Amino acid sequence: MRSTMQNVPLLTSRLIDYAGTVYPGSEVVTWGADGPRRSSFTDVAKDCRRLANALRALGVDGDQRVGSFMWNNEEHLELYLGVPAAGAVLHTINIRLFPQQMVYVVNHAEDKVVFVDNSLAQPFAALLEHTPLVEHVVVNGPVPDEVREALAGGGRRSVHDYRTLLDAQPDTFAWPELDENDGTLMCYTSGTTGNPKGVVYSHRSNLLHATFCAGSNALGLSQSDRALAIVPLFHANAWGLAYAGMMSGASLIMPDRFLQPEPLVRMIEGERVTCGGAVPSVMTGVLDYLDAHPEADVSSFDRVIIGGSACPPALLDAFHERHGVSVLHGWGMTETSPLGTVAIAPVGAEGEEYWNYRHSQGRLALHVETRLVGADGAEQPWDGVAVGEIQVRGPWVTGSYYRDDSEEEKFEDGWLRTGDIGSLTPDGYLTISDRVKDVIKSGGEWISSIDLENALMGHPAVHEASVVGVPDTKWGERPLAIVVPVEGESPGVEELRDYLQARVARWQVPERWAFVAEVPKTSVGKFDKKALRSQYAEGTLPVVEATKTPS
Ligand code: ADP
């Protein structure tokens, strides 16, 4: 029997019209050097319609790609909503990629129009020399004449001002009736080898995913929330925060380029932020700032989703105990929209059991069907012990990469091979022990770099710690611990080894250590293990060898 339900497509345009109508009291706040700028959801919706008209005027009349090279601000959010609603695809360019990677992604996506923040226009102009398909550049904010000229490239591109472009357009637009499976946004991920890989989301995947993100098994958003979107709009769909906020009427606080701990804390205080999302390295900085500034009033800040890489339990505990902030640990990847799990503990869990759930990567979402595959290819039980590769499928999981079949091995019978190794409890809580490419293979045994990092970051004198596998003549590979001490502290190798030995198996304790001022980070703020391994190979890390076997 067919259902009697109407077959109305899930479309981004509906989100714009709905949020602009029913949440006139919700706002988008953009941080700036001269204080915050505010726009109501109603005004944002009007701008989205002006933007759609402007896109038509620029010749974007189908699924052409529109690039954005921007911070998190109101205008970027308008592109996030308005470009897909108009039927085009927004390619959010990661502003921290290497120049040659940026050129690659702009050319690969075939961006026709690119929107760029004025603060980023100069470096972007240099890239445009190598992106012949870009016809229009729209700048958000004023730029000096010489930058404008560089963007125009001797007349090869026309340059527009965002506000002027929109102001010339009516705020009404008849949204096209699109297929809900059409592309909306595209994000490139670093992939395992070679060039970045493009993932294209759909109206359907975005709206389903945002519903989960907004729900009480994730961020639990409502109109009374004020969400701080620290995670960039170019990092894996901003974890669904933008659409989830619009959907639930939660005001969105956009930090623009002010991503340092002090302005972030100012935003939380001044805007009475209730929740947010960020990677562990950013939240480590915020924690340090709060610890050093007990006068900061973050009493409104109720919860923050931390993911992108493993959230150290010590970070989660410190926010809870010292600042009353609940950290919701989440796991996911660009390929999974990204949310796959969020660590909300089950009802009834108490004490240590409760915290084990909270420290884990979290409970699987309904639409992220999961299997655990062992090294021999056999499915492993969900018993909290057996480990294997996490493989997933579902309506917000990608089934391929955009115009790139170089990674066919990433997909197996319709399942995405995540490249993450972990275990699952009988009630569907995931613990990630490592990425396949980061796990340390020592004498036939596997050492989890995440376990060692988490343990080390629990030491009071350790600010950050990253662990990578390095070649070893006897064991094949052994762990190397790279430690950033807390300012003013200088923990010794033997002290840290003794500390670790009480927490992990003795044979896992590293012999090689390096104390550094900073761990190199990737373009989205994760420990850059590839860079650490090559620094070790080149001999540029100040490595200290342990002198005695742990007692
Ligand atoms: P990139 O591969 O360029 O870093 P992603 O941001 O998509 O791009 O990375 C996804 C990967 O990040 C996951 O496959 C996983 O290895 C890691 N990751 C994300 N969240 C967590 C988490 N909570 N714990 C451990 N690893 C995580």
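Residues numbered from 1 in each chain as written. Predicted model: local features only at pLDDT ≥ 70, side-chain atom pairs only at ≥ 80, totals over all residues. Heavy atoms only, no water.

Caption draft 1: Structural context of helix α3 (residues 74-85). The end-to-end C-alpha distance of α3 is 17 Å, a good match for the 16 Å that twelve residues give at a rise of 1.5 Å each. Within α3, twelve of the twelve residues are buried, which leaves it mostly tucked inside the rest of the structure. Taken together, the buried positions of α3 are Glu74, Glu75, His76, Leu77, Glu78, Leu79, Tyr80, Leu81, Gly82, Val83, Pro84 and Ala85. A positive phi of about 100 degrees marks Gly87, the residue just after α3. (Helix = DSSP H or I, 4+ residues; strand = E, 2+ residues; numbered from the N terminus. Expected span 1.5 Å × (residues − 1). Buried < 20%, exposed > 50% of the residue type's maximum accessible area, 1.4 Å probe, protein only.)

Caption draft 2: Quick peek at the site of the ligand. As a matter of local geometry, the ligand sits amid 16 residues, with Ser190, Gly330, Thr334, Asp420 and Lys526 nearest to it. Within the side chain of His235, one N or O atom sits 3.0 Å away from an oxygen atom of the ligand. Arg435 has a polar side-chain atom sitting 2.8 Å from an oxygen atom of the ligand. Taking 570 Å² as the accessible area of the ligand by itself, protein coverage stands at 91%. Partitioned by chemical class, the residues of the shell around the ligand number three nonpolar, ten polar and three charged. (Near = heavy atom within 4 Å. Polar contact = N/O pair within 3.5 Å; in protein donor to acceptor, adjacent residues only side chain to side chain. Areas by Shrake-Rupley, 256 points an atom, 1.4 Å probe, with all protein chains shown as cover. Nonpolar A, V, L, I, M, F, W, Y, C, P; charged D, E, K, R; others polar.)

Caption draft 3: The arrangement of the nonpolar core in detail. Ranked by internal contacts, the top residues of the largest apolar core, which has 84 residues, are Leu77, Leu81, Phe115 and Met246. Counting residues per element, this core draws most heavily on helix α2 (residues 41-57), which supplies eight residues. Residues from two domains meet in this core; each of domain 1 (12-202) and domain 2 (363-435) gives at least three. Discounting residues that sit within four places of it in the chain, Leu81 has contacts with Thr12, Leu15, Ile16, Val44, Cys48, Tyr243 and Met246. In terms of nonpolar packing, the next biggest core, distinct from the first, is built from 31 residues, Trp71, Leu97, Val143 and Leu151 among them. (Core = buried A, V, L, I, M, F, W, Y, C linked by side-chain atoms within 4.5 Å. Domains from an automatic or database assignment. Contact = heavy atoms within 4.5 Å.)

Caption draft 4: Representation of the pairing of strand β8 (residues 183-189) in the model. For β8, a buried count of six out of seven residues is recorded, marking the element as mostly surrounded by other parts of the structure. Direction of pairing for strand β4 (residues 89-92) relative to β8: parallel, over a ladder of two bridges. Counted as the bridge partner of His91 is Met186 from β8. Inspection of the sheet shows β8 paired to strand β9 (residues 197-202) by five bridges, in the antiparallel sense. Opposite Tyr188, over in β9, you have Gly198 as the bridge partner. (Pairing = 2+ DSSP bridges.)

Caption draft 5: Just helix α16 (residues 529-538), in detail. If you check the start of α16, you find a side-chain oxygen 3.4 Å away from the backbone N of Lys530, and it comes from Asp528. Just downstream of α16 lies Gly539, where phi reads positive at about 80 degrees.

Caption draft 6: Looking closely at the environment of Asp451. One can find Asp451 in helix α14 (residues 449-456). The exposure class assigned to Asp451 is partly exposed, which follows from its relative accessible area of 40%.

Caption draft 7: Main features of the packing of helix α1 (residues 12-22) against helix α9 (residues 241-248). Where α1 contacts α9, the two axes come as close as 8 Å, and the packing angle between them is 45 degrees. Classified by the angle their axes make, α1 and α9 are oblique. The chirality of how α1 crosses α9 is left-handed. For the pair α1 and α9, the contacting residues are Thr12, Leu15, Tyr18 and Ala19 in the first and Tyr243, Met246 and Met247 in the second. (Axes fitted to C-alpha atoms, helices over the stretch in contact; angles between N-to-C directions. Parallel < 35°, antiparallel > 145°, perpendicular 65-115°, else oblique. Left-handed = near helix turned anticlockwise from the far one by under 90°.)

Caption draft 8: Examining the packing of aromatic side chains more closely. Enumeration according to the criterion identifies ten aromatic pairs in this entry. Taken together, a centroid distance of 5.7 Å and an interplanar angle of 75 degrees make the contact between Tyr80 and Tyr243 edge-to-face. Within this pair, whereas Tyr80 is found in helix α3, its partner Tyr243 is found in helix α9, the two being separated by 163 residues in sequence. Grouping residues by exposure puts Tyr80 and Tyr243 together as buried. For Arg503, the ring lying beneath its charged end belongs to Tyr499, and the centroid distance is 3.5 Å. (Phe/Tyr/Trp six-rings, centres within 6.5 Å; stacked < 30°, edge-to-face > 60°. Lys NZ or Arg CZ within 6 Å of the ring centre and 35° of its normal.)

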